[in-house]
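Inside the fold
These are the residues of each chain, in order.
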Amino acid sequence: MLSTGSRSRWPIAGVAVALTAALSACSGGSGEPGSAGGDSGDAAPAVPAPAIKISPATGTTKVRPDKTVVVTASNGELEEVTVQVGDETIEGEFDSTHTKWTSKQPLKPSSRYTVSAKATGKGGPATATSRFTTLKPKVGLQVVDVTPGIKGETVGIGMPIMVRFNEPVQDKAAVEQALEVDAEKPVKGAWRWIDDKYVIYRTAKYWPAHQKVKFTAHLTGVKAGPDTYGVEDHSTTIKIGAAWISSVSTRTHMMVVRRDGKVVQTMKISAGKATTREYTTTSGIHLTMERGNPVTMISPGKKEGDPGYYKEVVNHAVRISNSGEYVHGAPWSVGSQGRANVSHGCVNASPAQAKWFYDNFHRGDIVKIVGTDRALEWNNGWGFWQMPFSKWKQGSALES
């Protein structure tokens with residue numbers, strides 16, 4: 001009997017304990033004052049700190065220079081992003097929500113970058129850092145020559161900007177996009193690719209006189225083709241001088257030189273005798289290219305003893321084409337200057353006036369010749385003004 005009574009009391013006690021626990025739990029859930037269970041249920045969940053993600057990730061190597069740096073933040077806003085390579089800080093911009101930052105320029109090849117970012121949010125501030133390196137290109141593109149590029153030189157209003165690269169350019173649009181022409185007196189212009197290494201900038205109209213023009217090739221990091229990236233920028237400042245325009249008529253045998261619209265010299269001349277095509281002066285807009293004193297002129301395609309062979313040493317010669325045309329002194333033709341064309345294609349002038357022209361010309365000055373049936377080819381020397389601008393700009397990789 002005692003053992004039976006003991007068994008009956010233990011289960012009753014257990015039910016009582018369980019019931020008490022259940023009532024206690026219900027009381028806490030109701031949020032009654034002083035209840036420990038009520039305090040635990042009202043506590044707000046913890047707010048996470050901002051999470052910052054940087055691409056390229058830290059430790060990444062051989063990053064392509066045309067890849068952008070992107071920094072994003074969740075659970076907050078980006079407060080500051082700094083991207084540095086050496087002492088240089090890379091430019092970038094935030095989106096409208098300040099949760100994303102993107103770099104705006106290509107990266108330097110073969111360089112180590114450090115990215116530092118700060119963000120703020122309800123969960124507190126956060127910081128992140130990434131360090132990565134860019135690849136070394138198999139082919140490095142750079143500018144090897146810009147004409148005009150002589151320090152201190154003043155050039156004429158017809159002067160083009162001629163740029164040569166060390167390697168062929170396959171992605172011409174990307175490279176052309178990186179070429180900047182900034183003029184004090186802006187005028188419309190366009191690039192034209194002559195070949196894979198050579199591109200020329202020409203304005204639609206002559207440069208306005210008396211100004212400076214800055215040419216910059218922002219090549220660093222620009223992808224120019226497979227495994228080919230720009231490795232350095234290049235900048236040249238060009239000084240445009242007065243508007244020197246020389247008008248030559250092979251029919252009146254006269255040359256009139258104007259500076260900023262004012263006549264400063266009138267010259268009697270003799271042009272090509274036109275017995276053959278090669279002895280015919282080309283008509284069109286020529287640019288002065290270079291000068292020499294003296295210059296030895298030899299008949300093209302002929303050797304000594306051939307009919308029509310000549311070898312002349314001339315003084316004060318200013319080149320105006322690649323087909324052998326110069327403005328130069330010719331004491332032997334003074335009697336014909338002003339009345340007849342007797343030269344092999346050059347513009348002959350008296351020694352004194354040829355010297356004056358030689359002393360005053362600048363590369364890129366205009367020499368406009370009329371009166372013959374042989375037109376200057378657009379690619380004969382710097383005959384670029386012979387091509388209509390509408391056609392010229394078709395040689396651009398960016399023009400439609």
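Our structure is the block above this text.
Counting restarts for each chain: residues are numbered from 1 in the order of the written sequence. Thresholds applied to this predicted model are a pLDDT of at least 70 for local features of residues and 80 or more for the giving and counting of side-chain atom pairs; totals over whole chains, interfaces and linings are not thresholded and use all residues. The basis for the side-chain values is all heavy atoms of the structure; hydrogens and waters are excluded.

**A word on the environment of Ser270**
Mapped onto the elements of the fold, Ser270 is located in the loop between strand 22 (262-268) and strand 23 (284-287). When a residue's accessible area, from a 1.4 Å probe over protein chains only, is under 20% of the maximum for its type it is buried; when over 50% it is exposed; and in between it is partly exposed. Here Ser270 falls in the buried class, since its relative accessible area comes to 0%. For Ser270 and Ala330, which are 60 residues apart along the polypeptide, the C-alpha to C-alpha distance reads 9.1 Å. Every residue pair with non-hydrogen atoms within 4.5 Å of one another is taken to be in contact. Those residues in contact with Ser270 that lie beyond four places of it in its chain are Ser333, Ser336, Gln337, Ala340, Asn341, Val342, Ser343, Cys346, Val347 and Asn348. We define a polar contact as two N or O atoms separated by no more than 3.5 Å, with the added condition that, inside protein, one atom must be a possible hydrogen donor and the other a possible acceptor, whereas residues neighbouring each other in sequence contribute only through side-chain atom pairs. A polar contact of 2.9 Å, which involves the side chain of Ser270, links it to the backbone nitrogen of Val342. A run of DSSP states H or I qualifies as a helix once it reaches four residues; a run of E qualifies as a strand once it reaches two. Both are numbered from the N-terminal end.

**Focus: the side chain of Ser343**
Locating Ser343 in the fold gives a position in the loop between strand 28 (326-329) and strand 29 (347-349). Residue classification places Ser343 among the buried residues on the basis of a relative accessible area of 6%. A polar side-chain atom of Ser343 sits 3.2 Å from the main-chain amide nitrogen of Gly272.

**Let's talk about the nonpolar core**
Nonpolar cores were defined as sets of buried Ala, Val, Leu, Ile, Met, Phe, Trp, Tyr and Cys residues, with membership established by side-chain atoms within 4.5 Å. Among the nonpolar cores identified, the biggest contains 43 residues, and Ile161, Val163, Phe165, Val175, Trp191, Trp207 and Phe215 are the most heavily contacted of them. Contacts of Phe215, omitting those with residues within four sequence positions, involve Val146, Ile161, Val163, Leu179, Glu180, Val181, Trp191, His234, Ser235 and Thr236. If you look at the next biggest cluster of nonpolar residues, it comprises 20 residues, including Val71, Val85, Ile90 and Val115.

**Considering the environment of Phe384**
Counting through the fold element by element, Phe384 comes out in the loop between strand 30 (366-370) and helix 5 (389-392). Each C-alpha atom of the pair Phe384 and Met159 lies 9.7 Å from the other, and the pair is 225 residues apart in sequence. Ignoring anything within four residues of it in the chain, the contact list for Phe384 reads Pro160, Met162, Ile200, Arg202, Trp378 and Trp392.

The analysis is restricted to geometry; functional conclusions fall outside its scope.
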